[in-house]
Amino acid sequence: MPSLVQQVRDAGVIGAGGAGFPAYKKIDARVDTVIANGAECEPLLFKDKVLMENYAAEMIDGLQLVMQHTGARKGIIAIKHKNRKAIAAVSTHLRENISLFEMEDVYPAGDEYEVVYHSTGRRIPGGGLPLHIGVVVQNVETLYHIHRAAQGQPVTHSLMTIHGHVKQPLTAWFPVGMSYGEALQVAGGATIDDFVLLDGGPMMGKVVTDLDTPVTRVTSGIIVLGRNTHLTERKMQSEQAFKRIGKSACDQCSLCTEMCPRYLLGYPIQPHLVMRSLLTTGPMSGTLTHWAQACCECNICTLWACPEELDPRNVCVVTKRDLKQQGKWLSPEQLQKL
Ligand code: SF4
Ligand code: SF4
């Protein structure tokens, strides 16, 4: 009989919460707590809610398998308080060592660092992983796939929401490899002519214009948006443009930092300092860039906080890319000393 790690690996299970991290690597560990993350927080996406409403028993079986494999004595299912139907469905299948934790209806409640802190009171070290504090976090759809993997079933479909300008918004299973254009037809097709697709939700999703783009194991939703909407235009801004505008218009008000959820949890992230790095050169600029490293790319700073409509989030994203390419990525210990 193959181990759970081997079964999950053979079935091709990867994190369905967006990161796509191989699930077998996460569960190949000894921890005391496993968290089922159902605190879906992207506006307009409902796939985790639908999964828990319809497959609660299978998801909890996957959770229990991971608990047994990792030696965890405690399982926690994190769900937003507002999702009463999902809470009711999950509640009927709870077992003695598995409890429910109701999260507030805020964004980004589903961020791993937020879920772990609020449901266990423990803080993942900056730049670290839940494993470092004895916790494994798996998205609820991933746990459903782990349940199936234990029965020899590979991942062939992804649960997705199709929303925005379509005839019939829906959440359903879509085969991996189906094109986005075909998936749109399942929702009755687009109701406007000049549109783009958001791959993911409005906050973190990326603009896609190619309808032949295939559904993957991490596709969580497609939002149909008008090409000329404010959100589309902001998301399509080039790196050259958001850097140039940021360099000339950032007044260092620091609202982006004050509203940053990771900063509010005490992590070494200060997007206004990363913006300042655009204005400086030499060693000072290099030091400032490290304040981007703990960014989870939630987009609060760009879409909510910045009064100038600048793009500190994407400045952090490209800064992190550059730090990695230049071999300047700090270890968790170095990051804590910033
Ligand atoms: S909120 Fe905007 S203007 Fe203020 S520091 Fe951040 S990027 Fe600059
Ligand atoms: S995207 Fe902005 S608000 Fe979100 S973690 Fe990064 S810096 Fe903070």
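Note that the coordinates shown come from a computational prediction; the quantities given were computed from them, not determined experimentally.

Caption draft 1: How the structure looks around the overall build of the protein. Per the secondary structure count, the protein includes 17 helices and 9 strands. Counting only C-alpha atoms and orienting by the principal axes, one finds that the protein spans roughly 60 × 50 × 35 Å. The proportion of buried residues among the 338 residues of the protein is 52%. The long-range share in the protein, meaning contacts at least 24 apart out of those at least 6 apart in sequence, stands at 67%.

Caption draft 2: Molecular detail of the packing of aromatic side chains. This model, assessed by the stated rule, comprises 4 aromatic pairs. Aromatic pair Y113 and Y267: ring centres 4.9 Å apart, planes at 65 degrees, arrangement edge-to-face. On the criterion of sequence distance, the pair formed by Y113 in helix α6 (residues 112–120) and Y267 in the loop between α12 (261–264) and α13 (271–277) is long-range, its members being 154 residues apart. Its end group placed over the ring of W329, K324 keeps NZ or CZ at 4.7 Å from the ring centre.

Caption draft 3: Inspection of the pairing of strand β9 (residues 221–226) at higher detail. Burial of β9 is extensive: 6 of the 6 residues sit out of reach of the surface. The pairing of strand β5 (residues 157–164) with β9 spans 4 bridges and is parallel. Along β9, the bridge assignment pairs I162 with I222.

Caption draft 4: Up close: helix α14 (residues 282–289). If you check which residues of α14 are buried, you get S285, L288 and T289. Projected down its long axis, α14 carries its buried residues within an arc of 105 degrees, all on one side. For α14, the exposed residues set more than 90 degrees away from the buried face come down to P283 and M284. Taken together, the buried residues of α14 touch α13 and α16 (312–325).

Caption draft 5: Expanded view of the site of ligand 1. Near ligand 1 there are 13 residues, and of these C250, C253, S254, C256 and C306 occur at the shortest range. Grouping the constituent residues of the shell around ligand 1 by class yields 8 nonpolar, 3 polar and 2 charged.

Caption draft 6: Focus on the packing of helix α3 (residues 47–54) against helix α7 (residues 140–149). At a minimum axis distance of 9 Å, the contact between α3 and α7 shows a crossing angle of 45 degrees. The orientation of α3 relative to α7 falls into the category oblique. Taking contact as the criterion, the partners of K47, D48, L51 and M52 in α3 are, on α7, V140, E141 and Y144. Tallied by class, the residues present in the contact of α3 with α7 amount to 4 nonpolar, no polar and 3 charged.

Caption draft 7: Representation of the domain arrangement of the protein in the model. Looking at the protein, the domain boundaries give domain 1 (4–149), domain 2 (158–234) and domain 3 (238–336). Between the C-alpha centres of domain 1 and domain 2 there is a distance of 25 Å. Across the contact, 19 residues belong to domain 1 and 18 residues belong to domain 2. Of all residues in domain 1, L44, L45 and K47 bury the most surface against domain 2, accounting for 32% of the area lost on that side. Our enumeration of links across domain 1 and domain 2 arrives at 6 residue pairs in polar contact (both at pLDDT 80 or more). Those elements that provide at least two residues to the side of domain 1 that touches domain 2 are α3 and α7.

Caption draft 8: Spatial organisation of the pairing of strand β7 (residues 195–199). Judged by how many residues are buried, β7 sits mostly within the fold: 4 of 5 residues are covered. Sheet analysis places β7 next to β9, joined by 5 bridges and oriented antiparallel. Looking at β9, one finds that L198 is bridged to I223. Taken together, the 3 bridges between β7 and strand β8 (residues 206–208) define a ladder with antiparallel strand orientation. Across the sheet, L197 pairs through a bridge with V208, a residue of β8. Between β7 and β8, which pair antiparallel one after the other, the connecting turn spans 6 residues, and G200 there sits at a positive phi close to 110 degrees.

Caption draft 9: Molecular detail of the nonpolar core. Core analysis: the largest hydrophobic core is formed by 36 residues, its most contacted members being V8, M59 and I77. Those elements that provide at least two residues to this core are α1 (4–10), α2 (23–27), β1 (33–38), α3, α4 (56–70), β2 (74–80), α5 (84–91) and α7. Ranked by the residues each element gives to this core, the list is headed by α4, at 7 residues. For M59, the residues in contact, after removing those within four places along its chain, are A36, L51, M52, I77, V90, V140, L143 and Y144.

What counts and what doesn't
Residues numbered from 1 in each chain as written. Chains lettered and ligands numbered in written order. Predicted model: local features only at pLDDT ≥ 70, side-chain atom pairs only at ≥ 80, totals over all residues. Heavy atoms only, no water. Helix = DSSP H or I, 4+ residues; strand = E, 2+ residues; numbered from the N terminus. Buried < 20%, exposed > 50% of the residue type's maximum accessible area, 1.4 Å probe, protein only. Contact = heavy atoms within 4.5 Å. Phe/Tyr/Trp six-rings, centres within 6.5 Å; stacked < 30°, edge-to-face > 60°. Lys NZ or Arg CZ within 6 Å of the ring centre and 35° of its normal. Pairing = 2+ DSSP bridges. Arc of directions from axis to C-beta. Near = heavy atom within 4 Å. Nonpolar A, V, L, I, M, F, W, Y, C, P; charged D, E, K, R; others polar. Axes fitted to C-alpha atoms, helices over the stretch in contact; angles between N-to-C directions. Parallel < 35°, antiparallel > 145°, perpendicular 65-115°, else oblique. Domains from an automatic or database assignment. Buried area = accessible area lost by both parts, 1.4 Å probe. Polar contact = N/O pair within 3.5 Å; in protein donor to acceptor, adjacent residues only side chain to side chain. Core = buried A, V, L, I, M, F, W, Y, C linked by side-chain atoms within 4.5 Å.

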